[in-house]
Amino acid sequence: MATKLKSVNVVTIGVGLAGSILGKELAASGLKVVGLERGSMRDTVPDFQSPNMHDELRFAVRKGLMQDNVKEAITARNNVNETALPMRRWDSFLPGTGVGGASVHWNGQTFRFQVADFISRSYHEQKYGKKFIDPELRIQDWGVTYDDLEKHFDRFEYLCGTSGKAGNIKGKIQPGGNPYEGWRSREYPTPPMKEPYFAALFGKAARELGYKTFPQPSSNLSQPYVNPEGLAMNACVFCGFCERFACEHYAKSSPQTMILPLALKNPNYELRTGCQVLKINLDSTKKKATGVTYVDSAGREFEQPADLVLVTAFAVNNVRLLLLSGIGQPYDPQTEKGVVGRNYAYQTMSSAQVFYDENVNINPFMASGANGTMIDDFGGESFDHGPHKFIGGAYVGSIMTNGRPIEFHPTPPGTPAWGLEWKKAVAKHYNHTVALNIHGSSSSSRWNYLDLDPTYKDAWGLPLLRMTFDFPDNDIRMAKFVTEKTKKIGEAMGGKTVVATARQKPWNTTVYQTTHTTGGTVMGNDPSTSVVNRYLQSWDVPNVFVIGASNFPQNAAYNPTGTVGALIYWCLDALKEKYLKKPGPLV
């Protein structure tokens, strides 16, 4: 039987980005807050220090910072006619665990979604007509607008100290920035990162073709910075161990560097690690949460009563917890009834490589997680989609994040996959190849969704999450179009050989694409098509809020963390200014 603990005002399930910010802010307002984290405590010192952190085998290959899929895997399949099987290795995406969550091992690429991304359904229907959107797609408006979120984007970027160049300040286009971005109230808090040689080669060619280049926005900092919370961060040293690694230099924005220390100093805040939440407890009406039940690392079961439950885990785990707790009706793709698990989306990644002669030295090992040059001419609504018969788009850039020896071994077509000739090819091309990224949107569709697996269970005897996904035809057409454009940029870069590969079906769980899994607890203004309202409050249980990329009704072309950060502060405002003054449904 679970041991019942003393009640608190707020419990957060997960202490990553959302859990850290909300926990800190609500504790500072005088509430008693408990942060429950399934993983371990970890901090920049001593846990992230070299030489241990520069262990490519441990962290990049064996995924040392990721969710333990021996205890808690996810099953996957491409369509409803297949039997889903557990993913016993994380390859396609990398769900984090431990204090800081995925925000510890992210690349720091910090974008804002475009204005039209938040009104996707109404925008496309108004501009192109109701028959333009592929019938299999289920894109919808978010219930909030870019204008609603602008000040929250700004606050998050200044918390992170994001480095970049504004492209649109209060409606005035700025030279050197992204002219397609939504308006922003002021410049980035720190200037852009230094431009590596590979990015300069891409930028020169793209500009010669008439595209508008700009430096990639980065929360790996270009210079020392003290954020508005008073926490100091350092400049990135381009060590090449960013993606899949924690930062030893205090140069990457993570909960540990930009917010969590303040929560931990507050006596109103308590962090408990090694705590696996099993379910959110409901009262007899099923309309009110009474707290959560969790198991600690010693196997002891506890009930933590709370007035307010904030679901702040990794996106897909938010969905699973609602399903396990019986909050909201599970989505059924056959009938299209239910909402929990609906509108699961991913990211549509394509790529190109430019192979140079050996007199062009790229030095790929000198890199950070976000130090590229890019264009947004094919992102979102930057161009007229009318002639192309698809929605969405992709940004394109040279964004090489590392040249680590185990993973980075570019070889041209025709190279054997192993053996002496493969080794010779890797040695020949390692320092003379530029990779181009094509980072595309992912449209939600009727048959892509999340539910509980009927067969497989986790270490606590609970059903695993089942993921049913494949790339919609719309997104395949989009990927083909942007990849063809990217190949022409590659050819203009002056290499000997350009290899461009557009995304194809089926989705492959054994090849890394991105960690940008979205949807499943989507936000909106209609309870029949969304799990949470525009303030991220459960329609069914008003004292439960769900915060994260699981709120996205579909995924845009850009990395999601900047928009997640804006939603966190949007939700915080709603909690402090509305809910806590008058608990109950906000809509």
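Look up a bit, the structure's there.
Q: Sorry, what's going on with the overall build of the protein here?
A: When you go through the protein residue by residue, the secondary structure sums to 12 helices and 22 strands. In terms of overall size, the protein behaves like a compact globule, its C-alpha atoms giving a radius of gyration of 23 Å where 587 residues would be expected to give roughly 25 Å. Reported as C-alpha extents along the three principal axes, the dimensions of the protein are approximately 70 × 55 × 50 Å. Across the protein, the fraction of contacts at a sequence separation of at least 24, relative to all contacts at a separation of at least 6, is 75%. Carbon and sulfur atoms provide 52% of the accessible area of the protein, an area that totals close to 22000 Å². In the protein, 63 side chains carry a positive charge and 55 a negative one; their mean positions are 1 Å apart.

Q: What is the right way to read the sheet that holds strand β19 (residues 449-457) from this model?
A: Two strands in a sheet stick together by hydrogen bonds in their backbones, pointing the same way (parallel) or opposite ways (antiparallel). The 4 strands are arranged β5-β4-β20-β19 in an open sheet whose pairing can be described as mixed. Of all strands in the sheet, those bounded by a partner on one side alone are β5 (85-86) and β19. Note: strand β4 (residues 74-77) against strand β20 (residues 463-468), 4 bridges, orientation parallel. Residue pairing across strands places Thr-75 opposite Arg-466, the latter belonging to β20.

Q: I keep staring at the packing of helix α1 (residues 17-28) against helix α12 (residues 561-579) and nothing clicks. Help me out?
A: Pairs of packed helices are described in terms of their axes, by the angle between the two and the distance that separates them. Running from amino to carboxyl end, α1 crosses α12 at an angle of 30°, the nearest separation of the two axes being 10 Å. Of the possible angle classes, the one that applies to α1 and α12 is roughly parallel. Read as a crossing pair, α1 and α12 show a hand that is right-handed. Contacts between α1 and α12 involve Leu-17, Ala-18, Ile-21, Leu-22, Glu-25 and Leu-26 on the former and, on the latter, Thr-561, Val-564, Ile-568, Tyr-569, Leu-572, Leu-575 and Lys-576. The residue makeup of the contact of α1 with α12, split by class, is 10 nonpolar, 1 polar and 2 charged.

Q: Sorry if this is basic, but what is going on with the pattern of salt bridges here?
A: Between side chains of opposite charge, a pair can form when the charged atoms approach closely. For the structure on display, the rule yields 33 salt bridges. Between Arg-138 and Glu-336 there is a salt bridge whose closest N-O contact spans 2.7 Å. Here Arg-138, found in the loop between α4 (120-128) and α5 (146-160), pairs with Glu-336, found in the loop between α9 (315-325) and β15 (348-355); they are 198 residues apart in sequence, far enough to count as distant. Here Arg-138 falls in the buried class, since its relative accessible area comes to 17%. A residue is classified by how much of its surface remains accessible, and Glu-336, at 28% relative accessible area, is partly exposed. The salt bridge partner of Glu-577 is Lys-581, with a shortest N-O separation of 3.4 Å. Residue Glu-577 is classed as partly exposed on the basis of its relative accessible area, which comes to 49%. One salt-bridge network, held together by shared partners, links Lys-24, Glu-25, Arg-155, Glu-229 and Lys-576.

Q: When you look at the packing of aromatic side chains in this model, what are you seeing that I'm missing?
A: The description of an aromatic ring pair rests on the distance of the ring centres and on the angle between the ring planes. Following the criterion strictly, the structure yields 34 aromatic pairs and no others. Note on Tyr-211 and Phe-378: the rings are 5.4 Å apart at their centroids and 70° apart in plane angle, and the pair reads as edge-to-face. Of the two residues, Tyr-211 sits in the loop between α6 (197-208) and β8 (213-215) while Phe-378 sits in the loop between β16 (373-375) and β17 (394-398), which places them 167 residues apart along the sequence. For the residue pair Tyr-211 and Phe-378, the accessibility class agrees, reading buried in each case. Judged by centre distance (5.7 Å) and plane angle (90°), the ring pair of Tyr-344 and Phe-469 falls under edge-to-face.

Q: Just checking my understanding: could you explain the sheet that holds β17 for this structure?
A: Pairing is antiparallel across the open sheet formed by 6 strands, whose spatial order is β8-β16-β17-β18-β15-β21. Only two strands of the sheet have a single neighbouring strand rather than two, namely β8 and β21 (497-501). Averaged over all neighbouring strand pairs, the angle between strand axes comes to 25°, with direction disregarded. Pairing of β8 with β16 involves 3 bridges; the strand directions are antiparallel. When the sheet's bridge partners are listed, Thr-213 is paired in β16 with Ile-375. Of the strands in this sheet, β8, β16, β17 and β18 (433-440) are in contact with α6, which crosses β16 at around 30°.

Q: Any chance you could explain unusual backbone geometry here in plain terms?
A: A negative phi holds for most residues other than glycine; trans holds for most peptide bonds. The omega angle of the peptide bond from Ser-50 to Pro-51 is 5°, so this bond is cis rather than trans. Looking at the secondary structure, you find Pro-51 in the loop between α2 (44-47) and α3 (56-61). Between Lys-505 and the following residue, Pro-506, the backbone shows a cis peptide bond with an omega angle of -10°. Positive phi values are uncommon outside glycine, yet Asn-363 reaches one of about 55°. Within the secondary structure, Asn-363 sits in the loop between β15 and β16. Given a relative accessible area of 35%, Asn-363 falls into the partly exposed group. Even without being glycine, Lys-389 reaches a positive phi, approximately 65°. As for its placement among the helices and strands, Lys-389 is situated in the loop between β16 and β17.

So, how was this worked out
- Residues numbered from 1 in each chain as written.
- Predicted model: local features only at pLDDT ≥ 70, side-chain atom pairs only at ≥ 80, totals over all residues.
- Heavy atoms only, no water.
- Helix = DSSP H or I, 4+ residues; strand = E, 2+ residues; numbered from the N terminus.
- Rg over C-alpha atoms; globule rule 2.2 N^0.38 Å.
- Contact = heavy atoms within 4.5 Å.
- Areas by Shrake-Rupley, 256 points an atom, 1.4 Å probe, with all protein chains shown as cover.
- Lys, Arg positive; Asp, Glu negative; His and termini not counted.
- Charge placed at Lys NZ, Arg CZ, Asp CG, Glu CD.
- Pairing = 2+ DSSP bridges.
- Axes fitted to C-alpha atoms, helices over the stretch in contact; angles between N-to-C directions.
- Parallel < 35°, antiparallel > 145°, perpendicular 65-115°, else oblique.
- Left-handed = near helix turned anticlockwise from the far one by under 90°.
- Nonpolar A, V, L, I, M, F, W, Y, C, P; charged D, E, K, R; others polar.
- Salt bridge = Lys/Arg side-chain N within 4 Å of Asp/Glu carboxyl O.
- Buried < 20%, exposed > 50% of the residue type's maximum accessible area, 1.4 Å probe, protein only.
- Phe/Tyr/Trp six-rings, centres within 6.5 Å; stacked < 30°, edge-to-face > 60°.

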